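# Chain and residue survey
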Amino acid sequence: MKNTNTPAVRGAQCCRMQRSRVCVSVLFLALSVHFSSSQTYVLDDKGGLGRLFDGIGGLSGGGATSRLLVNYAEPYRSQILDYLFKPNFGASLHILKVEIGGDAQTTDGTEPSHMHYENDENYFRGYEWWLMKEAKKRNPNITLIGLPWAFPAWVGRGKNWPYDYPDITASYVVNWILGAKQYHNLDIQYVGIWNERKYDIKYIKLLRYTLDKSGLDWVRIIASDNLWEPIALSVLLDPELSSAVDVIGAHYPGTTTVADALKTQKKLWSSEDYSTFNDEVGGGCWARILNQNYVNGNMTATISWNLVASYYEELPFGREGLMTAKEPWSGNYVVESPIWITAHTTQFTQPGWTYLRTVGHLAGGGSYVALTDGKGNLTVVIETMTHDHSVCIRPPLPPFHVTSQNATFQLNGSFASIKELQVWRSQFNFKTKTPSLFEKLKPLKLIDGSFTLNLSEDEVYTFTTMTTGQKGVYPDPPAPAGFPKAYKDDFNVRNPPFSEAPHFADQTGVFEYYINLTDPGPHTFTLRQVVTERPVTWVADADQTISVIGDYQWQNLTVTCDVFMESVDSGGVFIAARVNKGGESVRSANGVFFWVFADGTYKVTNDLGHWSDCACRRTGQLASGQLNGYPLWKNAVVLNPKNGWAAIGTRSFELAQFDNFAVVAD
């Protein structure tokens, strides 16, 4: 008998008829009789449980990835935050990890440090404090993690390495944790150590000592927040180190771990993962690794880089967040598929739940996990993502095959008495390009603790006793729109809510609001570049500081700005048009750079590696510039680049101020 009406979900009632076993299936949307074979998977707690679940999270930082979010107007900013953090609404994240800003380029931009200089402390710079408080406001139980990618120059004492003076580095990091509590009432539960070499072990131990001495014995250490080895072997060989390390974290582990990490008995986390364009294939990547990080690697937390793609898309790794919010000037944002894939786990589990030991791979490809709160609740998440529809940007994905299949799940042990499960389903439908994400189906009635599924390719299911799930929704945000063609900012904000001016994306150096109370006048309120030494960084910062703004597609534009060089003998500043690179590639940026120097000279260049000017006009292949209203150069032929951002910056790491910035694009 051919089954022409295959249901997606059915309760199974089976009876024995002599030598044959016939399954009569009841579907809530349709009715069919099913005779084909089905693989059975047992979900049982009689033999004990697996590892404790620590949660699913997102990462703000590692390159100023939430930069534009703070500039959204209400209600759109709160709506975005609700989709990320509000329980039983959207992604409902359990974990927020943020960068401890280090004044340095760390992928897509710089984040300011709480200590630009050794005798300087300010715990209101940047937007990570605000973001953590907003996350905590929505989910008081959210886990907060801090990790430094880079450090101000003074921490390295003249070297591009932060661990030669571990006492200084430990105090710097601990000060950030203390400041979070003192000024924002934020409890940072974990701190990570990104770099790791053999001689960093001294730093890990000293960090533990400094935390304890500062009354922060409850703060846990993730080491290394990078690779499984050599830290795993070091932990096995060094009891003092083992007592200092609470979590071994790996970045982009490809769902696998190593034997030594398992032997440590430490928590194993994918402490940075995903990093993939957030279309439907990106959603498939996220669905696969959320399950298989535990199935293959015993990882009990997975954290997405990044949290929200809220930076200019043309910067490196554009649109690689759980959702997209890159237009504060229009209010437009997009709730991408990874938000709803996250919800399949986060809305029906919590940190402190426990994985069952009976988890694994499906016979026809895909995987399943099951978790319990130990109080009778059960959540099962199943994914059948195919290879080409779940490729992550890294690491390379070995070949595998997934096919449509039938699967029977038998609940035993303390779950045998469960009579009904709530059902949530996502179907990517790559052939029709009409995805159906996080759809609530009718509850599933179980008979004798059993249910049978027809699983198609590229699906995600959640079966749960939890009844609190919800697909949150807000009215559609405004339509997308390009950056305003006429934009200006005089920076006259006496008590700015954030230290950075709207829409400026610092790529090297830090540009902050500045109030010069000793010199009241038309330039009392300015934007000031404040980093005076090259930071300790892991990417190649440019020799110059630069902040970009605007529409990358701009071609013909006029940029004007008042500038003030605080280094009277050696200072230099620039404004620029058609800047075509940023982030990790900012050193090789091209455009029209108009430099002015404190000695009265000026220069025009096509790249950032030389000096140039302070009203800059670029039309077609011709560029011109003027200073204090006096034309200095005109009709300079510049063939490339043909488009790019506007920018401001300095000739080196030096103090300089900018005021009355304006740009007009044709």
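Per an unreviewed UniProt entry, the protein is named Galactocerebrosidase, and its organism is Anabas testudineus. Annotation of the protein in UniProt includes, under Function (unreviewed entry), the sentence "Hydrolyzes the galactose ester bonds of glycolipids such as galactosylceramide and galactosylsphingosine."

### Describing the packing of aromatic side chains
The final tally for this structure, using the stated rule, is 45 aromatic pairs. Relative to Phe409, the ring of Tyr368 lies with its centre 5.5 Å away and its plane at 80 degrees, an arrangement referred to as edge-to-face. Pair noted here: Tyr368 is in strand β18 (residues 367-372) and Phe409 is in strand β20 (residues 405-411), with a separation of 41 residues, a long-range link. Residue Tyr368 is classed as buried on the basis of its relative accessible area, which comes to 7%. On the accessibility criterion, Phe409 (0% relative accessible area) is buried. Here the aromatic rings of Tyr461 and Phe463 are separated by 5.6 Å at their centres, their planes lie at 15 degrees, and the arrangement is stacked. Each of the two residues, Tyr461 as well as Phe463, counts as buried. One aromatic cluster in this structure is built from Tyr83, Phe89, Tyr333, Trp340, Phe348, Trp424, Phe438 and Tyr474. Stacked on the ring of Tyr252, the Lys or Arg Arg394 has its end atom at 3.9 Å from the ring centre.

### Thoughts on the confidence of the model for the protein
Of the residues in the protein, 90% have a pLDDT of 70 or more, and the chain-wide mean is 91. Segment residues 1-35: pLDDT under 50, and 66 contacts once partners within four positions in sequence are set aside and those in other chains are kept. Below a pLDDT of 50 lies the segment residues 610-616, which in the model reaches 58 contacts outside its immediate sequence neighbourhood of four places, other chains included.

### Quick look at the UniProt feature "active site" (unreviewed entry) in the protein
When the UniProt feature table is mapped onto this chain, "active site" (unreviewed entry) is found at Glu196 and Glu272. Relative to the helices and strands, Glu272 is located in strand β12 (residues 267-274). A polar atom in the side chain of Glu272 sits 2.6 Å from the side chain of Tyr252.

### Some remarks on the pattern of salt bridges
Considering all chains together, one arrives at 23 salt bridges under this definition. Between Asp225 and Lys97 there is a salt bridge, with the nearest N and O atoms lying 2.8 Å from each other. Of the two residues, Asp225 sits in strand β10 (residues 220-226) while Lys97 sits in strand β7 (residues 95-99), which places them 128 residues apart along the sequence. Here the two residues Asp225 and Lys97 agree in accessibility, since each one is buried.

### A few points about the packing of helix α4 (residues 166-184) against helix α5 (residues 201-213)
Helix-helix packing is described using two parameters, namely the angle between the two axes and the distance between the axes. Close contact between α4 and α5 brings their axes to 9 Å; oriented N to C, the two are set at 45 degrees. When the axis of α4 is compared with that of α5, the two are oblique. In the packing of α4 onto α5, the handedness of the crossing is right-handed. Taking contact as the criterion, the partners of Pro166, Asp167, Thr169, Ala170, Val173, Val174 and Ile177 in α4 are, on α5, Lys202, Tyr203, Leu206, Leu207, Thr210 and Leu211. Its residues assigned to classes, the contact of α4 with α5 comprises nine nonpolar, two polar and two charged.

### Digging into the environment of Asn185
Among the secondary structure elements, Asn185 is positioned in the loop between α4 and β9 (190-192). Between the alpha carbons of Asn185 and Lys133 there is a distance of 8.6 Å; along the sequence they are 52 residues apart.

### So, a nonpolar patch on the surface
A cluster of nonpolar residues, Leu233, Leu236 and Leu237, forms a patch on the protein surface that exposes about 280 Å² of accessible area. What makes Leu233 partly exposed here is its relative accessible area of 37%.

### Describing the sheet that holds strand β8 (residues 143-147)
Here we have eight strands rolled up into a closed barrel, ordered β6-β7-β8-β9-β10-β11-β12-β13, and parallel in their pairing. Neighbouring strand axes in the sheet, compared pairwise and without regard to direction, differ in orientation by 25 degrees on average. Note: β10 against strand β11 (residues 247-251), three bridges, orientation parallel. Each residue of the ladder has a partner; that of Asn226, found in β11, is Ala250. Docked against the sheet, helix α9 (residues 280-297) engages β6 (55-60), β12 and β13 (301-305), running at close to 165 degrees with respect to β12.

### A few points about the sheet that holds strand β33 (residues 602-607)
Read from one edge of the open sheet, six strands run β26-β29-β37-β31-β32-β33, paired in antiparallel fashion. Pairing within the sheet leaves two strands with one partner each, and these edge strands are β26 (505-508) and β33. With direction set aside, neighbouring strand axes in the sheet form an average angle of 20 degrees. Note: strand β31 (residues 572-579) against strand β32 (residues 590-597), six bridges, orientation antiparallel. Across the sheet, residue Ala577 finds its bridge partner in β32, namely Val592.

Criteria and thresholds
- Residues numbered from 1 in each chain as written.
- Predicted model: local features only at pLDDT ≥ 70, side-chain atom pairs only at ≥ 80, totals over all residues.
- Heavy atoms only, no water.
- UniProt positions renumbered as here; feature names shortened; annotations may be inferred.
- Phe/Tyr/Trp six-rings, centres within 6.5 Å; stacked < 30°, edge-to-face > 60°.
- Helix = DSSP H or I, 4+ residues; strand = E, 2+ residues; numbered from the N terminus.
- Buried < 20%, exposed > 50% of the residue type's maximum accessible area, 1.4 Å probe, protein only.
- Lys NZ or Arg CZ within 6 Å of the ring centre and 35° of its normal.
- pLDDT = per-residue confidence, 0-100.
- Contact = heavy atoms within 4.5 Å.
- Polar contact = N/O pair within 3.5 Å; in protein donor to acceptor, adjacent residues only side chain to side chain.
- Salt bridge = Lys/Arg side-chain N within 4 Å of Asp/Glu carboxyl O.
- Axes fitted to C-alpha atoms, helices over the stretch in contact; angles between N-to-C directions.
- Parallel < 35°, antiparallel > 145°, perpendicular 65-115°, else oblique.
- Left-handed = near helix turned anticlockwise from the far one by under 90°.
- Nonpolar A, V, L, I, M, F, W, Y, C, P; charged D, E, K, R; others polar.
- Patch = residues over 30% accessible without salt bridge, like charges linked within 9 Å, V, L, I, M, F, W, Y side chains within 5 Å.
- Areas by Shrake-Rupley, 256 points an atom, 1.4 Å probe, with all protein chains shown as cover.
- Pairing = 2+ DSSP bridges.

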